[in-house]
Structures are given as structure tokens and as C-alpha cells.
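The primary structure of each chain is shown beneath.
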Amino acid sequence: MNNFEFKNPTKIIFGKNTIEKLKTEIPQDAKVLLLYGGGSIKKNGIYDQVKTALTNVNVIEFGGIPANPEYATLMEALKVIKDQNINYLLAVGGGSVIDGTKFLSAAAVYNGDTPWDILTKNIRTNKGMPFGTVLTLPATGSEMNSGAVITRAETKEKLAMGGPGLFPEFSILDPQVITSIPRRQLANGLTDAFTHVLEQYMTYPIGALLQDRFAESILQTLVEVAPSVLKDPTDYQAASNFMWSCTMALNGLIQKGVPTDWAVHAMGHELTALFGIDHARTLAVIAPSHYKFNFESKKEKLAQYGERIWNITEGNTEDKAYEAIAKTEAFFHELGIDTKLSNYTKEYEGTAEKISKRFTDRGWTALGEHQTLTPEKVEKIIKMAY
Ligand code: NZQ
Ligand code: ZN
């Protein structure tokens, strides 16, 4: 097991009817900017619950943060923060609203030329403007981590940022919020969380028995509850297990002391930036090809995953590893998620070359758990995913 340090300061408030607890979490004298997305919270009652809980707090609102939070929109919100002397942010939404809020938390205290630098120059935020979240969509884990991914339509870029100052102070997780989520977004959430675990697990054995079993337990739980979540989002038991699994999949715990990959996400983000494909779906497109291409270096963990998650007992390590990739792809298909780029766009020719060049230009020449995934390899993997 590798050495590690672990600190996660986010307070989680989990369970039925917990949104009302906002009133005890937000400082009474705060000037709050309430941030939300395209308006789903106004239809499903979450907005009303939030407003009721904040009756005695000074709140200004900023809605309209789109999925894959857009830099230009966020710059408008930043102006509101400055003009209105906001000192506390509250994100009410899924990963996009929470990530957008993290960017604002960082940008509000940033003194450089342009906040875009935070993304292009890897500027880490050690202390941002304080913020909390009300999660409306289980998927990303953003509610309990310190990372964010921001999109800029103008340049068709999607870049990550983060830093220890960007953990939410608190996150309210009421699993009842999933009742209004469209099936497609539920399937996205299951797929995103599943792949988050794979990115931190599908590497090479390092004798971290507990971390392996943390990861496997999240995968098993997602596989077990997926049919119930999709069939009946009012099933509270399934909803609560789904929501907590998504948070646990990316709150930092399972990656401690083990190698991690994250190349599937790096490639996937480019597909969202270029074609607007939902984040989770880009992962389902890339992951099978990535695991086939890197088969030799990942086969031990693939086989272990095949045995423990998919109950594969026949054959040697290679057989089990191949079967495990097939089972993963079949799982995505069962969720209704297509796993080829050509299922999403007819304009895929040249994509692999374009992404490979972008990685070269950014100096991303050594991705993956062995830092051996070069732009040339990225090009091949993406071609396999056409
Ligand atoms: O905008 P509104 O109207 O709220 O609608 C949203 C949006 O259209 C809707 N929705 C959310 N909660 C709902 C609901 N509809 C009905 N009822 C509810 N309760 O769902 C749509 C998608 O929302 P979005 O926030 O975009 O989804 P998700 O949570 O999957 O977030 C995706 C973003 O997170 C980033 C992705 O790259 C993408 O930009 N990620 C963030 C990560 C992180 N910070 O750690 C890690 C991830 O790997 C990921 O990269
Ligand atoms: Zn993801």
C-alpha cells in the first residue's frame, strides 16, 4: 500500500426531509448567492424547500447554469458576487451547478489577470469563498470532493480544477430528490459513479485489500440497485443506496494508498467538449476500449473485478479479464447507454487525431497509472471507440 494523507472536511447531512436543515448550516448574517441550473428545482419543489429554510437569510439568486457549466455564464455570476458583496455561496443542483459554484468560490478570491487562468495554469485554491450544497442528482461526487470541471464553448474546451479550499462546507443529500430525475439522467448517474470507482481500481494490484473491497462494495451496490432506481425512483431504499454510493465513489476515500488512472475521464471530457455528449456517456464510450488497449497492464485487476463483481469463475486470468470487459459493456447497455462514439455523432472521423494533438499541446504526454499513456496511444484508444 502506498503512503497517504486523508482529510475530508465536508459535513454530510443525509436523509429524508433534510433540506430544512439549511437554516442551521448557513451563517445567519451571511449574504448568500443561491446558484441553480436550468430550472428543474422550480418544478420539483426543491426550490420551495430551500427558500422556506432560508426565510431569515439575505439571499440573492442566480439561475441558468447549464449542464457542463459554462465559463461565460459563470463570469456573469462572478459579477453579481462582486457587485452585491456576496460572502457565501449555495449550490442547489447536480454536478454542473456544484462545479460552477466551486469555480466561483475560487474566482471570487483570485487576484490574477483572468479567472480562466485557474483552469489553464492549474492554479489550486487553498481557501475559496465558503459554500454549501443541496444535491439534486446523484452522480459526480462533487458534493463531497474538491474538484470541478468547467466548459468554455468559445474554445470547445473542458478543463478540471481544484484544491483543498474547494470542499463544500456541508452538503445536504435527501434521496427523495431523485423522484423527478429523468431516466436518462439516472442512467448517467449510475454510469458516472461506476466509472469513478473503476478509475481508482482498474490499475494493478498493490496489496491494498481494504481499498479494493471498498471499491468493489460500491460497484456491487450500484449493480444491485440500478434496476430498482430506473424502474421506480420513488423506491427510497434504492434511492438512498444509489445516492450514498455515488458520493462514496468520489470523495477521496477509495483512492487513498492505491494507484489511480483517470485517463478515461481525460479522454471523455474531450468528447463532451467537442460534441456535447453527456459526461457519463463519454466514459461508457472510452472505458471498454481503454481496458482492451491496456489489457496487459490491467488484466490482474480486471480478472479480480470479474470474479468479485460479475461472478466469473471459468478460465484463466486473461479469460476472466476479457469477460469482465464484456460484462461492463453489457451493464452499460442494460442501463440504456450506448458505448460507441458513432452512436452519438456521425462526425467522428478525425476526432482521435484532434484529441491526441490537444493532449500533446497541453503537455499531457504521460497519463494513466504507469504514466505511460502517450498521445499516440490515446489516438488508438479513441479510434477503437468509434
Ligand atoms: O439544470 P437543471 O434544470 O437543474 O436540470 C438538470 C440537468 O439538465 C437535471 N437535474 C438535476 N437534478 C434534477 C434534474 N432534473 C430533475 N430532477 C432533479 N432532481 O439533470 C441534468 C444534468 O445535470 P448535471 O448537473 O449536468 O449532471 P451531473 O450531476 O451528471 O453533472 C455533470 C457535470 O459534472 C462534471 C461533469 O464533467 C459534468 O460537467 N463532473 C464533476 C466531477 C467532480 N466535480 O468531481 C467528477 C465527474 O467525473 C464529472 O466530470
Ligand atoms: Zn465522472
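Refer to the structure presented above.
Residues numbered from 1 in each chain as written. Chains lettered and ligands numbered in written order. Predicted model: local features only at pLDDT ≥ 70, side-chain atom pairs only at ≥ 80, totals over all residues. Heavy atoms only, no water.

So, the packing of helix α11 (residues 279–293) against helix α15 (residues 375–384)
The test is simple: Inter-axis angles, ranging from 0 to 180 degrees, are taken between N-to-C directions of lines fitted to C-alpha atoms, where helices are fitted over the stretch in contact. Put simply, DSSP marks the helices as runs of H or I at least four residues long and the strands as runs of E at least two long, and each gets a number from the N terminus on. Orientation is classified from the angle alone, with under 35 degrees giving roughly parallel, over 145 giving roughly antiparallel, 65 to 115 giving roughly perpendicular, and any other angle giving oblique. If you view the pair so one helix is near and one far, a crossing is left-handed when the near helix is turned anticlockwise from the far one by less than a right angle, and right-handed when it is turned clockwise. Note on contacts: a residue pair is in contact if any heavy atoms of the two residues lie within 4.5 Å. Residue classes follow a fixed rule: Ala, Val, Leu, Ile, Met, Phe, Trp, Tyr, Cys and Pro count as nonpolar, while Asp, Glu, Lys and Arg count as charged, and any other residue, Gly among them, counts as polar.
Here α11 crosses α15 at 125 degrees, and the two axes come no closer than 8 Å. When the axis of α11 is compared with that of α15, the two are oblique. Every pair of crossing elements has a handedness; the one defined by α11 and α15 is right-handed. Facing I286, S289, H290, K292 and F293 of α11, the residues of α15 in contact are K377, K380, I381, I382 and M384. Partitioning the contact of α11 with α15 into residue classes produces 5 nonpolar, 2 polar and 3 charged.

Here's the deal with the packing of helix α7 (residues 183–199) against helix α8 (residues 209–231)
It is at 9 Å that the axes of α7 and α8 come closest, and there the two elements cross at 170 degrees. The angle between α7 and α8 falls in the class roughly antiparallel. Seen from α7, the contacting residues are R183, L186, A187, L190, A193, F194, V197 and L198; seen from α8, they are A215, I218, L219, L222, V223, A226, V229 and L230. Of the residues belonging to the contact of α7 with α8, the class tally is 15 nonpolar, no polar and 1 charged.

As for unusual backbone geometry
Leaving glycine out, the prevailing phi sign among residues is negative, and the prevailing peptide bond configuration is trans. In this structure, N68 takes a positive phi of about 60 degrees despite not being glycine. Inspection of the secondary structure puts N68 in the loop between β3 (58–62) and α4 (71–83).

Looking at the pattern of salt bridges
Note the cut-off: Note on definitions: salt bridges are taken to be side-chain nitrogens of Lys or Arg within 4 Å of carboxyl oxygens of Asp or Glu.
Inspection of every chain in the model, using the stated rule, returns 20 salt bridges. Residue D117 is joined to K121 by a salt bridge in which the shortest nitrogen-to-oxygen separation is 3.5 Å. Among the ionic contacts, a cluster of salt bridges with common partners joins R184, D278 and R281.

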